[in-house]
Amino acid sequence: MSSDIDVPAQDGAAPRTSDRGAATRGALLAAARDVFCEAGFAQAAVTDIVAKAGASVGSLYHHFNGKADLYLTLFEEFQGRQQERTREAINAARDAGEADPMRLFIAGAGAYLDGCLAERDVARLFISGDGPPGFDRVMRRRLNKWARRNAALFHTADGGVDEALVVVLTGAMAGAVSEVSMSDDEQASRRMAAEIMAIVGTIRNPGTEQR
């Protein structure tokens, strides 16, 4: 995949800058997001995407390898925003004096669910099952990465990780994401998210006196 670069102007011509390429790339991603959310990945046509973006088929293949690459790029950008939301929530909780791993997890998980609600059309797209071939493996890898990040919050007294707790929490969150993303009732989705987090919050912490 190539990208535009800055080229010095010659003979009074305007320089070719990356700004135009960035704008085209952004328009293609925005159009792909709309078309995928409206039609689904399988039924989406490249011609519909470029028409909506006001671009050409050639420009799409200049920036992306095709329809699947657009989909995966949208997914990675969404996950990047979600990771930032989670990080900010956990850091804010820590700055406020919170040190309990479960409360930190809930702060981050709550921010993740809020992101799913804020971008429900995209969140729904990625869990709908209508993605490019192999996307289920991408989702599993992402879930495993999430589990590893969760594990960093839940160290046991001997310095290890409570793997069972990580599996339970990650599975609960995967179910919560599905519920809030697929619901058409935003208020019901928010209530469901709050109830799930309340239940998760009752789970014991590893390394406490209950252990």
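Here goes a summary of the coordinates provided. Treat the numbers as computed from the prediction; the structure is a model and nothing was measured.

About the thresholds
- Within every chain, residues take consecutive numbers counted from 1 along the sequence as written.
- Restriction of local features to residues with pLDDT of at least 70 applies here, the model being predicted, together with a cutoff of 80 or more for giving and counting side-chain atom pairs; totals for whole chains, interfaces and linings are based on all residues.
- Side-chain descriptors were evaluated using all non-hydrogen atoms of the structure, hydrogens and water having been removed beforehand.
- Each pair of aromatic rings taken from Phe, Tyr and Trp, with Trp reduced to its six-membered ring, is defined by centres within 6.5 Å and is described as stacked if the planes are under 30 degrees apart, edge-to-face if over 60, and tilted in the remaining cases.
- We count a stretch as a helix when DSSP gives it H or I for four or more residues in a row; a strand needs E for two or more, and each element gets its number in order from the N terminus.
- Each residue's exposure class comes from its accessible area (1.4 Å probe, protein chains only) as a fraction of the maximum for that residue type: buried when under 20%, exposed when over 50%, partly exposed otherwise.
- Note on geometry: axes are C-alpha line fits, over the in-contact stretch for helices, and angles between N-to-C directions span 0 to 180 degrees.
- Every angle not falling under 35 degrees, over 145, or within 65 to 115 is termed oblique; those three ranges are roughly parallel, roughly antiparallel and roughly perpendicular.
- The contact criterion used throughout is that any non-hydrogen atoms of two residues lie within 4.5 Å.
- The nonpolar class holds Ala, Val, Leu, Ile, Met, Phe, Trp, Tyr, Cys and Pro. Asp, Glu, Lys and Arg form the charged class, and all remaining residues, Gly among them, are polar.
- Here the arc refers to the set of directions running from the helix axis out to each C-beta atom.

**Observations regarding the packing of aromatic side chains**
Under the counting rule described, the total for this entry stands at nine aromatic pairs. The interplanar angle of 65° and the centroid separation of 5.7 Å between the aromatic rings of phenylalanine 36 and tyrosine 71 together place this pair among those described as edge-to-face. Of this pair, phenylalanine 36 sits in helix 1 (residues 18-39) while tyrosine 71 is found in helix 4 (residues 67-95), placing the two residues 35 residues apart along the sequence. The class of phenylalanine 36 is buried, set by a relative accessible area of 1%. Their ring planes at 80° and their centres at 5.1 Å tell us that phenylalanine 75 and phenylalanine 126 sit as a pair that is edge-to-face. Of this pair, phenylalanine 75 sits in helix 4 while phenylalanine 126 is found in helix 6 (residues 120-127), placing the two residues 51 residues apart along the sequence. Chaining the aromatic ring pairs together yields one cluster made of Phe36, Phe41, Tyr71, Phe75, Phe78, Phe126 and Phe135.

**Concerning the packing of helix 8 (residues 163-182) against helix 9 (residues 186-200)**
Running from N to C, helix 8 and helix 9 cross one another at 170°; their axes reach a closest spacing of 9 Å. The pairing of helix 8 with helix 9 is recorded here as roughly antiparallel in orientation. Of the residues in helix 9, those in contact with Leu169, Ala172, Met173, Ala176, Glu179 and Val180 of helix 8 are Ser189, Met192, Ala193, Ile196, Met197 and Val200. Each residue belonging to the contact of helix 8 with helix 9 can be placed in one class, and the counts come to ten nonpolar, one polar and one charged.

**Details of helix 2 (residues 46-53)**
Considered for burial, the residues of helix 2 that qualify are Val46, Ile49, Val50 and Ala53. What you see down the axis of helix 2 is that its buried residues fit within an arc of 90°, all on one side. The outward face of helix 2, more than 90 degrees from its buried face, is lined by the exposed residues Thr47 and Ala51. Summarising the contacts, the buried residues of helix 2 are in contact with helix 1, helix 3 (57-63) and helix 4. After helix 2 finishes, the residue glycine 54 shows a positive phi value of roughly 70°.

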